[in-house]
Amino acid sequence: MIPILNSERHQQTGFNSELAVIQGCIDSLKQGEAFLASLTSEQYLASAEPYVTSSIGEHFRHILDVYRGVYLGVYSKEVGACLSTHQARVIDYNQRRRGHRVETCRLQALAEIEELLAWLECLTLDDVKAPVQVISEVSVSQTQSAQMCSTLERELTFIALHANHHFAMTKVTMTLLGRHVAADFGFAPATLTYMGRS
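Residues numbered from 1 in each chain as written. Predicted model: local features only at pLDDT ≥ 70, side-chain atom pairs only at ≥ 80, totals over all residues. Heavy atoms only, no water.

Residues F35, L36, Y67, L120 and L156 are the most contacted members of the largest nonpolar core, which totals 40 residues. When contributions to this core are tallied by element, the ones reaching two or more residues are helix 2 (20-37), helix 4 (56-74), helix 5 (106-122), strand 2 (131-137) and helix 7 (152-176). When residues of this core are assigned to their parent elements, the largest contribution, 8 residues, is made by helix 4. Aside from chain neighbours lying at most four places away, what touches L120 is I22, C25, I26, L29, Y67 and L156. (Core = buried A, V, L, I, M, F, W, Y, C linked by side-chain atoms within 4.5 Å. Buried < 20%, exposed > 50% of the residue type's maximum accessible area, 1.4 Å probe, protein only. Helix = DSSP H or I, 4+ residues; strand = E, 2+ residues; numbered from the N terminus. Contact = heavy atoms within 4.5 Å.)

Okay, structure coming up:
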């Protein structure tokens, strides 16, 4: 049986901030932005093989692809960067830019983060509650995608937590290369709370 959450933290937050998921995405991207600003272009290309085979740039390209998948799935030039028509939009997580310049150019990654931050800051409560359709590959043994119903709120939650996972991988790379990284970088929000963040 799964216990009902009744911790002091959950009582304090009350889950009453409807736009918290937007702020979570903004916080995540700003963490990534600060990390990239602390790197040299050479470090952006670094990997720590055989322990971590993807470069920091490849991790950030992947993070940005996932964010862009959500952005492109809900953005329409006709209605601007919002979902005012409330028609279901399609987020296709299979769209990846492997080998794209953003993997090797730290400044391009920073520019894309700025664009995504501007979009997130324009979202409203109506936007995040709007329905979306999600397409994603679901099998490791064959090429097979599934399409499912979701909301923008749920997908924003996913992409922020997903970014934390890849931040942790880049932190491992930097640590193996003997470089210092901010102590709270790469931790999930619940982990930081457990560790004593107020």
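Once that is clear, we can look at the packing of helix 2 against helix 5. At their nearest, the axes of helix 2 and helix 5 sit 10 Å apart, and the two run at 160° to each other. Between helix 2 and helix 5, the angle is such that the two are roughly antiparallel. Crossing geometry of helix 2 relative to helix 5 is assigned as left-handed. Touching I22, C25, I26, L29, K30, G32, E33, L36 and A37 of helix 2 are R106, A109, L110, I113, E114, L116, L117, L120 and E121, all from helix 5. Looking at the contact of helix 2 with helix 5 residue by residue, the classes come out as 12 nonpolar, 1 polar and 5 charged. (Axes fitted to C-alpha atoms, helices over the stretch in contact; angles between N-to-C directions. Parallel < 35°, antiparallel > 145°, perpendicular 65-115°, else oblique. Left-handed = near helix turned anticlockwise from the far one by under 90°. Nonpolar A, V, L, I, M, F, W, Y, C, P; charged D, E, K, R; others polar.)

Counted at 1.5 Å a residue, the expected span for helix 5 with its 17 residues is 24 Å, and the 25 Å between its end C-alpha atoms agrees. Those residues of helix 5 that sit buried are R106, Q108, A109, L110, E112, I113, L116, L117, W119 and L120. Those residues of helix 5 that are buried are in contact with helix 2, helix 3 (41-44), helix 4 and helix 7. (Expected span 1.5 Å × (residues − 1).)

This paragraph deals with unusual backbone geometry. The amide bond that connects E49 to the next residue, P50, takes the cis arrangement and shows omega of 5°. Within the secondary structure, P50 sits in the loop between helix 3 and helix 4.

What follows deals with the pairing of strand 1 (residues 89-92). A regular strand places its side chains so that they alternate between the two faces of the sheet. Only one face of strand 1 is buried, namely the one carrying R89 and I91, since none of V90 and D92 on the opposite face is buried. Pairing analysis gives 4 bridges linking strand 1 to strand 2, with the strands arranged parallel. In the sheet register, R89 faces strand 2, and the bridge partner there is V132. (Pairing = 2+ DSSP bridges.)

Turning to the pattern of salt bridges, a few remarks are in order. For the structure on display, the rule yields 5 salt bridges. For R97, the salt bridge goes to E112, with nearest N and O atoms at 2.9 Å. Of this pair, R97 sits in the loop between strand 1 and helix 5 while E112 sits in helix 5; the two residues are 15 residues apart in sequence, bridging distant segments of the chain. Put simply, E153 and K129 hold a salt bridge, and the shortest N to O gap is 3.0 Å. Pair noted here: E153 is in helix 7 and K129 is in helix 6 (residues 125-129), with a separation of 24 residues, a long-range link. Here the salt bridges do not stand alone but share partners, grouping R61, D65, R97, E103 and E112 into one network. (Salt bridge = Lys/Arg side-chain N within 4 Å of Asp/Glu carboxyl O.)

What follows covers the side chain of E155. Mapped onto the elements of the fold, E155 is located in helix 7. Comment: no salt bridge for buried E155; closest opposite-charge side chain is R154, at 5.3 Å. At 2.7 Å, the side chain of E155 forms a polar contact with the side chain of Y93. Ignoring sequence-local partners within four residues, the contact set of E155 consists of V70, I91, Y93, V132, V134 and S150. (Lys, Arg positive; Asp, Glu negative; His and termini not counted. Polar contact = N/O pair within 3.5 Å; in protein donor to acceptor, adjacent residues only side chain to side chain.)

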